[in-house]
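Architecture and fold: a report
The lines below spell out each chain.
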Amino acid sequence: TTFNILLPPGKSQEAAPPRRQAAPTFAGGGAALVVEDEPSVRDLVGLVLKPLGFSVTAVADGEAAALAAEELGEDLRLIMMDVSMPGLSTEETLSRMRAAGVKAPVLIMSGHAEVELRTRFADQSVSGYLLKPFTGREVQAKLEQILGPA
């Protein structure tokens, strides 16, 4: 059996001009600590933050994060942390950081629902949540919400 499908001729369309990406309206600055055990996500977040003016320190676990946060001290302007990591839990890591006097806002990255995250981190000092998968624009918008416009 053979089927022939006849379609009307399509309209000739010229190639659309390439879309220009809008210049960032948010400017970061200072140190950012990225805590993510997945190397590809860690690298991607660094690629998003650097053009926004952040110097990025990236680590893979909670123990390294707590040490890095103490070392960065007052220069630390932002912490972006995965919700689940090997070693110390996210809650334990946050507790250690806060006990050491780290005051930087914390943005939790997760594939879980935000309602679930808000419940889990109700007793922690968390500034916001970024749901995976996310885009560079979503990161930028969340940072502007947490840190304010340039």
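Above: the structure in question.
Residues numbered from 1 in each chain as written. Predicted model: local features only at pLDDT ≥ 70, side-chain atom pairs only at ≥ 80, totals over all residues. Heavy atoms only, no water.

What follows is about the sheet that holds strand β3 (residues 76–82). Strand order in this open sheet of five strands is β2-β1-β3-β4-β5, and the pairing throughout is parallel. Looking at which strands have only one partner, the edges of the open sheet turn out to be β2 (54–59) and β5 (128–131). In this sheet, adjacent strand axes meet at a mean angle of 20° when their direction is disregarded. Strand direction decides the pairing type here: strand β1 (residues 30–35) and β3, joined by five bridges, are parallel. Among the inter-strand pairings, Val34 is bridged to a residue of β3, identified as Met80. In the packing of helix α1 (residues 39–49) onto the sheet, the strands contacted are β1, β2, β3 and β4 (106–110), and the crossing angle to β2 comes to about 170°. (Pairing = 2+ DSSP bridges. Helix = DSSP H or I, 4+ residues; strand = E, 2+ residues; numbered from the N terminus. Axes fitted to C-alpha atoms, helices over the stretch in contact; angles between N-to-C directions. Contact = heavy atoms within 4.5 Å.)

Okay, the pairing of β5 next. Bridge analysis of β4 against β5 gives four bridges, and the strand direction is parallel. What sits directly across from Met109, in β5, is Leu130. Viewed along the sheet, the connection from β4 through helix α4 (residues 114–120) into β5 turns out right-handed. (Right-handed = clockwise from strand over helix to strand, strands pointing away.)

Side chains of residues three or four places apart in an α-helix project in the same direction, reflecting 3.6 residues per turn. The end-to-end C-alpha distance of helix α5 (residues 136–147), which contains twelve residues, comes to 16 Å, matching closely the 16 Å that a straight helix rising 1.5 Å per residue would cover. Of the positions making up α5, those classed as buried are Val139, Gln140, Lys142, Leu143 and Leu147. Buried residues of α5, viewed axially, fall in a sector of 165°; they line one side. The outward face of α5, more than 90 degrees from its buried face, is lined by the exposed residues Arg137 and Gln145. Its buried side turned inward, α5 meets α1, β2, β3, β4 and β5. Phi turns positive, to about 90°, at Gly148, one or two residues after α5. (Expected span 1.5 Å × (residues − 1). Buried < 20%, exposed > 50% of the residue type's maximum accessible area, 1.4 Å probe, protein only. Arc of directions from axis to C-beta.)

By themselves, these observations are geometric and do not establish any function.
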